[in-house]
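Take a look at the letters that make up each chain.
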Amino acid sequence: MKDKDVNAKLKAIGGAVLASTLLMYSIWSALNWAFPLPTLDTSRQATNVLASDGQVLRQFADQNGVFRTPVSLDKVSNIYIDTLLSYEDKRFYHHYGVDVFALIRAVGQRLAYGRVISGGSTLTMQVVRLFFPYQRTYLGKLIQIFRALQLEQQYSKQEILEFYLTYAPMGGNIEGVEVASQRYFGKSAHELNIIDAALLAVVPQRPSVYRPDRYPDKAKSARNKVLRRLMVNGKLTQNAYQLLSQEPIVSQRKPIKKGVPLLARELKKRYPNHTQIQTHISSELQSDISDVIAQRFSTLNSQLSIAVLVMENQSGNVIAYKGSLDIDNQTSFGHVDMTKAVRSPGSTLKPFIYAQAFEAGLIHSESLLLDIPTDFSDYQPQNFDQEFQGRISASEALQQSKNIAPVFLLNRVGAQTLSERLEVVGASLRLPEDNLTVALGGGGSTLRELVMYYSAFNRQGVAIKPRLGASESLREARIMTEESAWIVKTILEDIRPPDRARANYGRNVAWKTGTSYGYRDAWALGTSSDYTVGVWVGRPDGTPYVGQTGATQAAPLLFDVFDLLPKDTIKQQKPETVVQTDICWPSGLDAKLVSSEHCRLKKRAWTIDGLTPRTLREDDQIEKMHQWPHALTLWRQSTNHRKIDILVPRDGSHIYSYAGQTIPLRASSDNVRWYLDGSVTSNVLYLDELKGEHRLTACDGNVCGEATVNVY
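Described below are features of the structure shown in this document. A quick note: this is a predicted structure, and the numbers were derived from the prediction, not measured.

Turning our attention to helix α5 (residues 138-154). Its 17 residues give α5 an end-to-end C-alpha distance of 25 Å, which sits within 8% of 24 Å, the value for a rise of 1.5 Å per residue. Residues Gly140, Gln144, Ile145, Phe146, Arg147, Ala148, Gln150, Leu151 and Glu152 constitute the buried set of α5.

Moving on, we come to the packing of aromatic side chains. Using the criterion set out here, one finds 13 aromatic pairs in the structure. Arranged with centres 5.0 Å apart and planes meeting at 80°, the rings of Phe92 and Tyr93 form a pair that is edge-to-face. Judged by centre distance (6.3 Å) and plane angle (50°), the rings of Phe559 and Phe562 are tilted. Of this pair, Phe559 and Phe562 both sit in helix α19 (residues 550-564), 3 residues apart, which is roughly one turn of the helix. Ring-pair connections join several aromatic residues into one group, and the members of that group are Phe131, Tyr155, Phe163 and Tyr167. The side chain of Arg183 reaches across the aromatic face of Phe67, ending 5.7 Å from its centre. Just above the ring of Phe60 sits the side chain of Lys268; from NZ or CZ to the centre is 5.5 Å.

Our focus in this paragraph is the pattern of salt bridges. Tallied over the entire structure, the rule returns 28 salt bridges. Arg430 is paired through a salt bridge with Glu449; the nearest N and O atoms lie 2.8 Å apart. With a gap of 19 residues between them, Arg430 in the loop between α16 (415-421) and α17 (447-455) and Glu449 in helix α17 connect regions that are remote in the sequence. Since its relative accessible area comes to 8%, Glu449 is described here as buried. Look at the salt bridges and you will find they share partners, linking Glu266, Arg270, Asp337, Lys340, Arg448 and Glu472 into a network.

Our focus in this paragraph is the nonpolar core. Formed by 105 residues in total, the largest nonpolar core has its most connected members in Phe352, Tyr354 and Tyr453. Setting aside residues no more than four positions away along its own chain, Tyr453 makes contact with Leu349, Phe352, Leu422, Val424, Ala427, Ser428, Leu429, Ala463 and Ile479. The next biggest cluster of nonpolar side chains, apart from the first, holds 55 residues, and it includes Val76, Leu84, Val98 and Tyr167.

To continue, consider the state of the cysteines. In the structure shown here, the tally under the stated rule is 2 disulfides. Bridging Cys584 to Cys599, the disulfide has an S-S length of 1.9 Å. Residues Cys584 and Cys599 are joined by a disulfide whose S-S torsion is about -90°; by sign, that bridge is left-handed. Note that Cys584 is positioned in strand β15 (residues 578-585) and Cys599 in the loop between β15 and β16 (601-608), a separation of 15 residues in sequence. We classify Cys584 as buried; its relative accessible area is 1%. Between the sulfur atoms of Cys699 and its disulfide partner Cys704 the distance amounts to 2.0 Å. Its S-S torsion of about 110° marks the bond between Cys699 and Cys704 as right-handed, since a negative value means left-handed. With relative accessibility at 13%, the residue Cys699 sits in the buried group. Here Cys704 falls in the partly exposed class, since its relative accessible area comes to 40%.

What the 5 strands build is an open sheet, ordered β18-β25-β24-β21-β22; its pairing is mixed. If you trace the sheet from one side to the other, it starts and ends with β18 (653-655) and β22 (679-681), each paired once. With strand direction ignored, the average angle separating the axes of adjacent strands in the sheet is 35°.

With respect to burial, strand β14 (residues 531-538) is a largely interior element, 8 of its 8 residues being buried. Across the two faces of β14 the burial is the same, with Tyr531, Val533, Val535 and Val537 and Thr532, Gly534, Trp536 and Gly538 all buried. Bridge count between strand β6 (residues 305-312) and β14: 8 bridges; the pairing is antiparallel. When the sheet's bridge partners are listed, Val308 is paired in β14 with Val535. Pairing between strand β13 (residues 521-527) and β14: 7 bridges, direction antiparallel.

About the thresholds
- Residues numbered from 1 in each chain as written.
- Predicted model: local features only at pLDDT ≥ 70, side-chain atom pairs only at ≥ 80, totals over all residues.
- Heavy atoms only, no water.
- Helix = DSSP H or I, 4+ residues; strand = E, 2+ residues; numbered from the N terminus.
- Expected span 1.5 Å × (residues − 1).
- Buried < 20%, exposed > 50% of the residue type's maximum accessible area, 1.4 Å probe, protein only.
- Phe/Tyr/Trp six-rings, centres within 6.5 Å; stacked < 30°, edge-to-face > 60°.
- Lys NZ or Arg CZ within 6 Å of the ring centre and 35° of its normal.
- Salt bridge = Lys/Arg side-chain N within 4 Å of Asp/Glu carboxyl O.
- Core = buried A, V, L, I, M, F, W, Y, C linked by side-chain atoms within 4.5 Å.
- Contact = heavy atoms within 4.5 Å.
- Disulfide = S-S within 2.5 Å.
- Pairing = 2+ DSSP bridges.
- Axes fitted to C-alpha atoms, helices over the stretch in contact; angles between N-to-C directions.

Listed below in structure tokens is the structure:
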């Protein structure tokens, strides 16, 4: 009888529980149907422009002026997560949105003390309050509990915690742990230590009162309350608590990050609906370049600005970007992005003229060219130094940036041909009409376009457009042949770096400078196997800066930047069709085809398929090919003196030598006798035997030139 009674009672209880469960489920389903959880508005995001490693380069506030960065758990310090959960919701992973024990404790304390001693809100309930503000009444609390249960039903624990990490109020217009960490401590959230974590765990409780930048004493007291809780929970020893609680609060709020501000501004405008804009910028390299620029420009005119672009050749990724010297400097028009400003490129386009001439079969690397006054249909270009050398090889004319030779070659190649070849992926020379002035900077280009053009020398003649954002597609176009690209690159690599013996890692850099008319623009462009770098210096308003040249202002910075880059890993292969051939002056032909009496000067030239085009002459008379050009003879007869220039090493050079280093001596005349400190020497300088200051003299007959070098 008793067993039957027990069974009956158990069945009754089971039925009651089942009925209650079904009733609660029905009520829950009805409430869910009647009051569904609204969609969480996660569109309220600041725009973050990120470096390649995820660091924030620049942040723009949202439409309400709030700074907020979405974060994931793996991007936040575990110390902070442990501190937050230990202080705010230690049973977070074990409840369904509501901690019944915490609620009962909070109600009991309220009844016992007549005031709030501890809260009963879980992190889930706090997330509800962030998205769905409610009145602080008993009804409001019930609504919060209901929404918390709904939130737990629809989102995972990780998602709910990430909502809190992103939207928790941190004082003023700051929300979320990442922004708070950056603005209060100057570090990312994954770098937070226990002191930082304790402070940021408590700030959201009273963000207007616990702001460390305004109320450091109150913030310290609140932080220490968290540390005490950690000690009570066994997370800290008493000794550690005593030490940590004495740490002061740094009350200075960090400024908004302004890394690559002009690039960030452009990308935000380009991608208005993106909250995370990824770039390829290297945070470390960007910082190092900014430091070098600040050091270089600390003593220069405050009205000067600068632009620097660093690109990886294979991908086109821009890994460093400087649009101006300082965006906040109104004197130097810092708000103007000079990487995309159209300016006169000066002499920076000369290498492409030579490349076209090589490709057209007009010259080889040692072809005889004339550096003498020349009239091109009323266009009479002058050299930068207002002096002329007479006879000069193609490679020397390019390395010394002579003006007559490239204009002469462009006249043969055709200005329109060059212009059309460089009109790729949106770039152009911006000439009102195709004419010879383009050889000396008569058109208009941007730093971005010049970097793209120069990349072709280490990409087998194919230029690649700089990719500013990670989502940009690769765009490239051929602007010269593989053979002409390699020859020009090799010639430009033989130009000695400015103010240093050689580039870091012994890097081969093919580089060229340019100075626009009136000293308005100073350029330096360089390319190595892995990287292409462009530098512009000048005044954005176009005002001349007399004395400024690409060689003195832009080139040293170009090599400063290259010295900061990692070692090149790609090895460029010489095309099989490019071969070295002995040629003769004045004909320019293969030495094997010229008799000894007609080979007045032998040179070793880079040629394409071994072809040696004869020297270009205004008269084009084949029967005179073994004679010096008549125009050269007339010029030499008309000048009262000749000048010998020592080309390698340059006067005033400072050479930091290494074991076994030698330097072949070169002068503007090939028939010179060399003297070292007054004694006859060979045409090779052996640096192992030299230290200190020395005088080099080169004489051709009664005409001599001198240079002073310092060897260390």
